[in-house]
Amino acid sequence: MRIEIDRLAETGESFAHTYGPDELSLEDEYALLKGETHVSGRARRKRDEVSVSGEIKATVEVACDRCAGPVATALEVEFNAAFIPRERAAGVTENVELQEEDLALSYYEDGAVDVDELVREQILLALPLRQLCREECRGLCPTCGKDLNVGQCSCRQREVDPRWAALADLKREE
Ligand SMILES: [Zn+2]
Ligand SMILES: [Zn+2]
């Protein structure tokens, strides 16, 4: 979906779009969109500067930090972004009227704001840094890679070398 700048009224226009399950890709090897993704918002224009604010609802599947199993996360992201034409990228900082402190500044090309790209970026920014399939996930065995949620593997527990144990004691005393 694109917002054509020429046709955008200066008073602003509302927009909404629902992406089907395969319509939008996050283009990220660790995050996958599941089901439908909704975006809605309002675009405003001041000459060639555009501000877009709104909300995204999506379900994203990422890999569990410990066991790499799939974890689905429902996201609701509010965004507020400002766009100027790519050609003006050079003189950016001096005079962008729509820019506010909390506003992310982006560029548009070919006379239109790429909403797909905006949605993709906003979702990736909103993803939690660490995600566990559940709090008590036991992860993978560091030796054989078996998923320890499924069952214990046959690797022997590493015995603690007494010298390391003594060092650990020393650290605790510090
Ligand atoms: Zn896990
Ligand atoms: Zn193992």
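Here, every reference points to the structure presented above.
Not measured: the values here are computed from a predicted model.

Calculation criteria
- Residues numbered from 1 in each chain as written.
- Chains lettered and ligands numbered in written order.
- Predicted model: local features only at pLDDT ≥ 70, side-chain atom pairs only at ≥ 80, totals over all residues.
- Pairing = 2+ DSSP bridges.
- Helix = DSSP H or I, 4+ residues; strand = E, 2+ residues; numbered from the N terminus.
- Expected span 1.5 Å × (residues − 1).
- Buried ≥ 20, exposed ≤ 12 C-beta atoms within 10 Å, placed from the backbone.
- Contact = placed C-beta atoms within 7 Å.

Engineer: So what exactly am I meant to see when it comes to the pairing of strand β3 (residues 31-46) here?
Structural biologist: On a regular strand, each side chain points to the face opposite its neighbour's, so the side chains alternate between the two faces of the sheet. As paired elements, strand β2 (residues 13-19) and β3 share 7 bridges and run antiparallel to each other. Residue pairing for β3: E13 is matched across the bridge by A43. Sheet analysis places β3 next to strand β4 (residues 49-63), joined by 13 bridges and oriented antiparallel. From the neighbouring strand, S40 faces β4, where its bridge partner is E55. Hairpin connection between β3 and β4: a loop of 2 residues separates the two successive antiparallel strands, and R47 in this loop has a positive phi of roughly 50°.

Engineer: So what exactly am I meant to see when it comes to helix α1 (residues 115-126) here?
Structural biologist: Helical periodicity: at 3.6 residues per turn, an α-helix aligns residues three or four positions apart in one direction. Relative to the 16 Å expected for 12 residues at 1.5 Å per residue, α1 spans 16 Å between its end C-alpha atoms, a close match to the ideal helical length. For α1, the set of buried residues is V115, L118, V119, R120, Q122 and I123. Each element contacted by the buried residues of α1 is listed here: β1 (2-4), β2, β3, β4, β5 (70-85) and β7 (112-114).

Engineer: I would appreciate a short explanation of unusual backbone geometry in the present structure.
Structural biologist: Glycine aside, negative phi is the norm for most residues, and most peptide bonds take the trans geometry. Positioned with a positive phi, A68 is a non-glycine residue whose angle comes to about 70°. Taking the number of C-beta atoms within 10 Å as the measure of exposure, A68 has 15 and is therefore partly exposed. Residue D110 is not a glycine yet carries a positive backbone phi of 55°. Examined against the element boundaries, D110 turns out to sit in the loop between β6 (104-108) and β7.

These values are about where atoms sit, not about what they do.
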